[in-house]
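# Residue-level structural notes
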Amino acid sequence: MVFFNFKVSAIHLNLFVPRLNKCQPMHGVSYQYFAGVGMHPFNVKVVIKLHECRFFFLNEIIGDGDCHKVDYSVLCDRMTRKRLVDRMQLENIVPWGRSKKEYMEMFDLTQEDILNKKILGCGDGPSSFNTEVDYDDGSVVSIDPLYAYSKKEIMQRIDEVAGEVIDQVRANEDHFVWKNIPDLESLEHIRIEAMMEFLMDYEDGKEEGRYINASLPELPFEEGSFDLALSSHFLFLYSEHMDEAFHKEGIDEMLRVAKEVRIFPLLTLTNERSPHIDTVIRHLQAQGCHTEIVRTGYEFQKGANEMLKITRA
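Quick look at the structure, then. Since we're looking at a predicted model, the values are computed, not measured.

## So, the overall build of the chain
For the chain, the count of helices and strands is ten helices and nine strands. When the 313 residues of the chain are sorted by exposure, 55% land in the buried category. Excluding contacts between residues fewer than 6 apart, the proportion of contacts in the chain whose partners are at least 24 apart in sequence is 73%. Accessible surface, the chain: about 14100 Å² in total, of which carbon and sulfur atoms supply 49%.

## Regarding the pattern of salt bridges
Tallying each qualifying case throughout the model produces 14 salt bridges. A salt bridge links aspartate 136 to lysine 100; its shortest N-O distance comes to 2.4 Å. Residue aspartate 136 is found in the loop between α6 (129-135) and β4 (139-143), and its partner lysine 100 is found in helix α4 (residues 100-106); the two are separated by 36 residues along the sequence. Between aspartate 134 and arginine 210 there is a salt bridge, with the nearest N and O atoms lying 3.6 Å from each other.

## Looking at the sheet that holds strand β8 (residues 290-295)
Strand order in the open sheet formed by seven strands is β5-β4-β3-β6-β7-β9-β8, and the pairing between neighbours is mixed. In this open sheet, the two strands that pair with only one neighbour each are β5 (211-212) and β8. In this structure, β8 lies alongside strand β9 (residues 306-311), joined through six bridges in antiparallel fashion. In the sheet register, glutamate 292 faces β9, and the bridge partner there is lysine 309. Packed onto the sheet, helix α9 (residues 244-257) meets β3 (118-122), β6 (226-232), β7 (258-264) and β9 and runs at close to 140 degrees relative to β7.

## Here we look at the nonpolar core
If you look at the biggest cluster of nonpolar residues, it comprises 38 residues, and the most contacted ones within it are Phe107, Leu109, Phe129, Ile154 and Leu230. Contributions of two or more residues to this core are made by α4, α6, α7 (151-170), α8 (184-207) and β6. In terms of residue count, the dominant contributor to this core is α7 (seven residues). Here phenylalanine 129 is in contact with Arg98, Lys100, Tyr103, Leu109, Ile114, Ile119, Val140 and Leu230, once residues within four sequence places are set aside. In this structure, Val141, Ile277, Leu308 and Ile310 belong to the second largest nonpolar core, which totals 33 residues.

## Focus: the packing of α9 against helix α10 (residues 277-286)
Between α9 and α10, whose axes approach to 10 Å, the crossing angle comes to 40 degrees. With respect to each other, α9 and α10 are oriented oblique. In the packing of α9 onto α10, the handedness of the crossing is right-handed. From α9, Glu244, His247, Lys248, Ile251, Asp252 and Leu255 reach across to α10, where they touch Thr279, Val280, His283 and Leu284. Grouping the amino acids of the contact of α9 with α10 by side-chain chemistry returns four nonpolar, three polar and three charged.

## Quick look at the packing of aromatic side chains
Tallied over the full model, the rule gives 15 aromatic pairs. Ring centres 5.3 Å apart and planes at 65 degrees place the aromatic pair tyrosine 147 and tyrosine 211 in the edge-to-face group. Taken as a pair, tyrosine 147 in the loop between β4 and α7 and tyrosine 211 in strand β5 lie far apart in primary sequence, 64 residues in all. Like tyrosine 147, the residue tyrosine 211 is buried in the burial classification. With a centroid separation of 5.1 Å and an interplanar angle of 85 degrees, the aromatic rings of phenylalanine 221 and phenylalanine 226 are classed as edge-to-face.

## Section: the environment of glutamine 111
Within the fold, glutamine 111 resides in helix α5 (residues 111-116). The exposure class assigned to glutamine 111 is partly exposed, which follows from its relative accessible area of 34%. Each C-alpha atom of the pair glutamine 111 and aspartate 136 lies 9.3 Å from the other, and the pair is 25 residues apart in sequence. If near-sequence neighbours (up to four positions away) are discounted, glutamine 111 is found in contact with Lys100, Met104 and Asp136. A polar contact is formed between the side chain of glutamine 111 and the side chain of aspartate 136, at a distance of 3.4 Å.

## Some words on the pairing of β3
Of all five residues in β3, four are buried; the element is thus mostly enclosed. Where β3 and β4 come together, five bridges link them in parallel fashion. Each residue of the ladder has a partner; that of isoleucine 119, found in β4, is valine 140. After leaving β3, the chain enters α6 and then returns to the sheet as β4, a path that is right-handed. Of the pairings in the sheet, the one linking β3 to β6 comprises four bridges and is parallel in character. Each bridged residue has a counterpart across the sheet, and for cysteine 122 the counterpart in β6 is serine 231.

Reading the values: the criteria
- Residues numbered from 1 in each chain as written.
- Predicted model: local features only at pLDDT ≥ 70, side-chain atom pairs only at ≥ 80, totals over all residues.
- Heavy atoms only, no water.
- Helix = DSSP H or I, 4+ residues; strand = E, 2+ residues; numbered from the N terminus.
- Buried < 20%, exposed > 50% of the residue type's maximum accessible area, 1.4 Å probe, protein only.
- Contact = heavy atoms within 4.5 Å.
- Areas by Shrake-Rupley, 256 points an atom, 1.4 Å probe, with all protein chains shown as cover.
- Salt bridge = Lys/Arg side-chain N within 4 Å of Asp/Glu carboxyl O.
- Pairing = 2+ DSSP bridges.
- Axes fitted to C-alpha atoms, helices over the stretch in contact; angles between N-to-C directions.
- Core = buried A, V, L, I, M, F, W, Y, C linked by side-chain atoms within 4.5 Å.
- Parallel < 35°, antiparallel > 145°, perpendicular 65-115°, else oblique.
- Left-handed = near helix turned anticlockwise from the far one by under 90°.
- Nonpolar A, V, L, I, M, F, W, Y, C, P; charged D, E, K, R; others polar.
- Phe/Tyr/Trp six-rings, centres within 6.5 Å; stacked < 30°, edge-to-face > 60°.
- Polar contact = N/O pair within 3.5 Å; in protein donor to acceptor, adjacent residues only side chain to side chain.
- Right-handed = clockwise from strand over helix to strand, strands pointing away.

Okay, structure coming up:
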């Protein structure tokens, strides 16, 4: 998952939302906003769906740290397709990656799966899953908007943001389960090692077609291209910001290109069960798909220890 994070003027969310209400949608651009509720401050982030220029304000609980702020005048008074695309620069992206071991635990994968299945990773970012599977002579293709950038650019950006991300986790250690990852020092080591492995493989992987600049809900692959499609920390996690229709469309697209889909986790950012799960499951079952919620051996976000497993008819 890649976040496009606009950190511009120092305005508070309760001042921003009323002003946004008065804005008129720009030609060719659709937008939604979401006001955060709860006891914690929020980290306002923007997810860009490149091919539609659709944006969402994500309210991710980060504890007692300062909120990142958004300049509403840029978004409302001056926003056009060109300006929106111009602002999608690497300085607004927060790359963060997981390891093959974590993927195997999150998605209940076996080494046989790794060796024998053609796998698609949706929103893999700078994880080392693709890299490590390639070392095993397995087959993985990863999609993510991050792959529009060069190795040097991504490396520099990781160096800029890694410390800040770790500091946020340190300030909120009680929000996490220190089981698969025993402590903060181990977390930092695992994440940095995973991203460095990704970077070492990135240029070769792009040439080989293993890293592709694309995003849900439209995938640039033929029907039935993969045995298994994975979504890690994207679908369902951001249920308050991506609606039921987006989830149905994205999962249908994953099932178009893969025989089986696995999605982890099933909780939202506020550690609640996604409100879209039941309606999405009914939608899939009406198409003849088999669905199963599976308990996995991975838990880092508290309570996030289940995945949705879907096989098409």
